[in-house]
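Observations on the three-dimensional arrangement
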Amino acid sequence: MALKLIKRFPVLGQFGFQRYPLVGAVCPSRLQSSSRAGQPVCVACLFTSAGGCIQTQGCRKLQQDCGRRSLTTIIREPSFVAPSSVGLHRNSGPRFRLTQFHRPTDADEESFQKRLGTCSSSRQVFSLLRSVENMSDTMAAAALHRVADLEQVGNSLKDPSVLKNDTIRALCFQLEQDSRRLTDAGVVSALRACTRLFLDPWSTLMVRLVSESQERLDRGEMSVGQLCTLGQAMLAMEGPGCVLVGQVMEQIQKEKPSQWNIADLIAVYRFLQGGVAEDGKYRDLLNAMHMHAVTVTYRMDPGGVSGLLSALVTLNQTQAMPLVINLCKQAVRHVPHFTDEELTVVLGALMHFGHSDHYFVEAMERYVPSMVFTSHPETVTKVSQFFGRRNILSPIVFDAIAESFVYRADDYNTSQVAMQIMALGKLGYLPPNAGDVFRKVENILHSRFSHFQPRTLLNLLHSCTLVGRFPVNFVAKVFSSYFLQQLQDQGTGMDRIILAQLTQLYMTLKLECPFYEGPRLLPKYRVKSFFMSGRSLETPVDIHLYNAVKNGLVDLLGARSYFGSKVLTPYCYTLDVEIKLDEEGYVLPASQTEDVFKRIALCIDGQKRFTTNKRQLLGKEAIKQRHLRLLGYEVVQIPYHEFDELRSKNSVVDYLHQKIFPHTYRLSW
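Residues numbered from 1 in each chain as written. Predicted model: local features only at pLDDT ≥ 70, side-chain atom pairs only at ≥ 80, totals over all residues. Heavy atoms only, no water.

A short note on the overall build of the chain
Within the chain, the secondary structure is distributed over 29 helices and seven strands. When contacts within the chain are restricted to residue pairs at least 6 apart in sequence, long-range pairs at least 24 apart make up 73% of them. Entry remark: accessible area of the chain is about 30700 Å², with carbon and sulfur atoms responsible for 50%. (Helix = DSSP H or I, 4+ residues; strand = E, 2+ residues; numbered from the N terminus. Contact = heavy atoms within 4.5 Å. Areas by Shrake-Rupley, 256 points an atom, 1.4 Å probe, with all protein chains shown as cover.)

Given below as structure tokens:
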């Protein structure tokens, strides 16, 4: 690749792409820094060894001073986001010399890494660099990585001017000059750090690091971790189609995953996660990695657990559930030690794979009350979302989140506000401070109504109704033609679940807020049934529980014709079983439509209609039974945990009789 660049851009040749550039005397035992006063520095120039600066495209004022160490940056690859690059003019700022013969001791490097980790700003990193006497190439690369950690936001830097700093320019300049002397680990780590800082891929520094990486890759002596670091750098520069990435994968596939340590294993996962393993590629390699990973998860630290789960999600490795289960077990130990970002990733992964266990839930219950007031809003929201998605009702967790919501909600974005209320709605749970919570929600709606995305707002308002809180003041806006048009224009348009939510929201106002006199929901936006495949406002009846109840009803009533099954009402709800009575209390045939005095709705509630850890109906089932009562039905609930205790045919019939006709004497047929 580097040879192609040299042929393509002859200007590289004139600057002597030498194996050992002449950079003056090098002190092999110390990393020295110094600056010469009075030397001209172009503060606008951001390019590595750049004779051309951003503002002047040539920096003519300093052109003579730049000499052989100046090189105008070349055209950027379209696949690489490069908002800025690093440059250094000769004799400007501090000078570094990377020691090779008398490298720092392991203790010195470890101490440096710890001090580097405590730096909370790029300025502190630069100050640390200037204070270090002995520095290896890996230490220099680590410093660049730390600057990237502090400055990188998406595909750009928070403060691109950080690359103008004399210290970082001097360090990059020395890496460029000493590229042939760097260790394999130093070369690939420096290259990866440069891509994270979005340096121009055609700058001299990047070209030399890529050339060195290619040469050392051809030797076949790189470790698995170094191969992955190189692969990630080339992915950032050229994407999955890069030839060098393919060569990296060829060498990785020659290795045996069963012999990798944890660091190498996770490095390969992260490399594949970057887009290399798309479309089912490297399936055999992944399966071998999964088998090995299962055996070593018990030794993984919090970062390893989080990183591996993140990779499994990105790669959509649904067949690796044994590994997910083991990682969840290991996560139990690390719950108090995860960073906010790591915990967010772990919870997202467990939701993706639909897994949780009670040990993890207990660990979260111990940890959440201590973190809700200090953790990142996204992490707190993800906790709420996890418990809601997994149908786990934990009063300890939700009471703590609700308490923090009252104090912190102003700092949440609209999506985070909606997500936390949606979890309460789904589980049908009202915390002790529900009044304060929903007053806060109302205040946010008043002040930030226009900030909500249409679907987010609809989800929020609908969730409020699931727990018996009625956002009357805002429904008028939701039913307006303007808002409905916004719903139509967003995403996939008006799908059935949105229409069902609108219909149920309107029905809630008509049934539970008779004083509402605002706009009506037009008939064209209403559905006829809340039951639909996939996501639905009603949970399908458990077929095994239904059959057992049906047989008992036949024995109780004398014939199958005396009750209807899966009856769709005019009010959009589907009844599991409907029994009709005349004015004297006699059971009528299900087909009879006249002389019906009373209707009994049997709700045959299986496990999926309850929260997983408590016998509480989900919000959508609670609102259904609430509405059916308001519509005149006598609702009789047949919960699974009561019915499962019945052991004989007679006990089933006696149970159903007591439930449906508690005040009448049962006849024997």
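Considerations on the pairing of strand β3 (residues 564-568)
Where β3 meets strand β4 (residues 574-581), four bridges bridge the pair, whose relative direction is antiparallel. Of the residues in β4, the one forming a bridge with L568 is T574. With antiparallel pairing between neighbouring strands as the criterion, β3 and β4 make up a hairpin whose turn holds five residues, including C572 at a positive phi of roughly 80 degrees. (Pairing = 2+ DSSP bridges.)

Thoughts on the nonpolar core
Counting 172 residues, the largest nonpolar core has I252, Y269, L272, F360, F479 and L502 as its most contacted members. Those residues in contact with I252 that sit more than four places away from it in its chain are L227, C228, W260, V268, F271 and L285. (Core = buried A, V, L, I, M, F, W, Y, C linked by side-chain atoms within 4.5 Å. Buried < 20%, exposed > 50% of the residue type's maximum accessible area, 1.4 Å probe, protein only.)

Notes on the environment of A622
With respect to the helices and strands, the residue A622 is situated in helix α27 (residues 619-630). Assessed through its relative accessible area of 28%, A622 is described here as partly exposed. Between the C-alpha atom of A622 and that of L427, which follows or precedes it by 195 residues, the distance is 9.5 Å.

Focus: the side chain of T611
Tracing the backbone shows T611 in the loop between β6 (598-605) and α27. Overall, the relative accessible area of 2% leaves T611 in the buried class. A distance of 2.7 Å separates the side chain of T611 from the backbone oxygen of K614, its partner in a polar contact. When near neighbours in sequence (up to four residues on either side) are disregarded, T611 contacts N391, L393, L427, Q616 and L618. (Polar contact = N/O pair within 3.5 Å; in protein donor to acceptor, adjacent residues only side chain to side chain.)

Remarks on the pattern of salt bridges
For the coordinates displayed, the defined rule picks out 22 salt bridges. A salt bridge links K440 to D410, with the nearest nitrogen and oxygen atoms 3.0 Å apart. Of this pair, K440 sits in helix α21 (residues 434-448) while D410 sits in the loop between α19 (395-408) and α20 (414-427); the two residues are 30 residues apart in sequence, bridging distant segments of the chain. Residues R609 and E621 are paired through a salt bridge, measuring 4.0 Å at the closest nitrogen-oxygen approach. (Salt bridge = Lys/Arg side-chain N within 4 Å of Asp/Glu carboxyl O.)

Observations concerning helix α15 (residues 321-334)
For α15, spanning 14 residues, the distance from its first C-alpha to its last is 20 Å, which sits close to the expected 20 Å at 1.5 Å a residue. Of the positions making up α15, those classed as buried are L323, V324, L327, C328, Q330, A331, V332 and H334. Contacts from the buried residues of α15 go to α12 (262-276), α13 (283-296), α14 (302-314), α16 (340-353) and α17 (358-371). (Expected span 1.5 Å × (residues − 1).)

Quick word on the packing of aromatic side chains
As enumerated under the stated definition, the model contains eleven aromatic pairs in all. Ring geometry for F360 against F386: centres 5.7 Å apart, planes inclined by 80 degrees, an arrangement best described as edge-to-face. With a gap of 26 residues between them, F360 in helix α17 and F386 in helix α18 (residues 377-389) connect regions that are remote in the sequence. The pair F360 / F386 is uniform in exposure class, with both members buried. With 5.6 Å between their ring centres and 65 degrees between their planes, F610 and Y640 make a pair best called edge-to-face. Of this pair, F610 sits in the loop between β6 and α27 while Y640 is found in helix α28 (residues 640-643), placing the two residues 30 residues apart along the sequence. As far as burial versus exposure is concerned, F610 and Y640 are alike and both buried. Clustering of aromatic rings is evident, with ring pairs tying together F360, F386, F387, F398 and Y429. Positioned above the aromatic ring of F449, the side-chain terminus of K477 is 4.6 Å from the ring centre. When the ring centre of Y546 is taken as origin, the NZ or CZ atom of K566, which lies over that ring, is 5.9 Å away. (Phe/Tyr/Trp six-rings, centres within 6.5 Å; stacked < 30°, edge-to-face > 60°. Lys NZ or Arg CZ within 6 Å of the ring centre and 35° of its normal.)

A few points about the side chain of S463
If you trace the backbone, S463 turns up in helix α22 (residues 454-466). Within the structure, the side chain of S463 is placed 2.7 Å from the backbone oxygen of N459, a separation counted as a polar contact. When neighbours within four sequence positions are excluded, S463 is seen to be in contact with I421, M422 and G425.

So, the pairing of β4
Among the eight residues of β4, eight are classified as buried, and the element is accordingly described as predominantly covered. In this sheet, β6 lies alongside β4 in antiparallel orientation, the contact comprising five bridges. Bridge assignment links L581 to a residue of β6, and that residue is K598. Counting the residues that bridge the hairpin from β4 to strand β5 (residues 587-588) gives five residues, and of these G585 lies at a positive phi of roughly 90 degrees.

Here we look at the packing of helix α4 (residues 106-117) against helix α5 (residues 122-131)
Where α4 meets α5, the axes come as close as 10 Å, and the angle between the chain directions of the two elements is 155 degrees. On the basis of their axis angle, the class for α4 and α5 is roughly antiparallel. The crossing of α4 and α5 is right-handed. When α4 is examined against α5, the residues F112, R115 and L116 are found in contact with a partner set consisting of V125, L128, L129 and S131. (Axes fitted to C-alpha atoms, helices over the stretch in contact; angles between N-to-C directions. Parallel < 35°, antiparallel > 145°, perpendicular 65-115°, else oblique. Left-handed = near helix turned anticlockwise from the far one by under 90°.)

Remarks on α17
With 14 residues, α17 extends 20 Å between its outermost C-alpha atoms, agreeing within 8% with the 20 Å of an ideal straight helix rising 1.5 Å per residue. Of all the bends found along α17, the most pronounced is centred on E365 and spans about 25 degrees, while P369, a proline, follows it within four residues. The elements touched by buried residues of α17 are α15, α16, α18 and α19. Where α17 begins, the capping side chain belongs to D357, and its oxygen is found 3.1 Å from the backbone nitrogen of Y359. (Bend = angle between axes of the 7 residues up to and from the residue.)

Quick look at the confidence of the model for the chain
Of all residues in the chain, 84% have pLDDT values of 70 or greater, and the mean over the chain is 84. Segment residues 1-92: pLDDT under 50, and 207 contacts once partners within four positions in sequence are set aside and those in other chains are kept. (pLDDT = per-residue confidence, 0-100.)

Quick notes on unusual backbone geometry
Notably, Y282 is not glycine yet its phi reads approximately 60 degrees, a positive angle. Looking at where Y282 falls in the secondary structure, it is placed in the loop between α12 and α13. A positive phi angle, near 60 degrees, is found at D595, a position not held by glycine. Relative to the elements of secondary structure, D595 occurs in the loop between β5 and β6.

Points about the packing of α22 against helix α25 (residues 496-512)
Where α22 meets α25, the axes come as close as 10 Å, and the angle between the chain directions of the two elements is 45 degrees. On the basis of the axis angle, α22 is oblique to α25. Judged by the sense of rotation from one axis to the other, the crossing of α22 with α25 is left-handed. Here R455, L458, N459, L461, H462, T465 and L466 of α22 come into contact with α25, specifically with I498, Q501, L502, Q504, L505 and T508.

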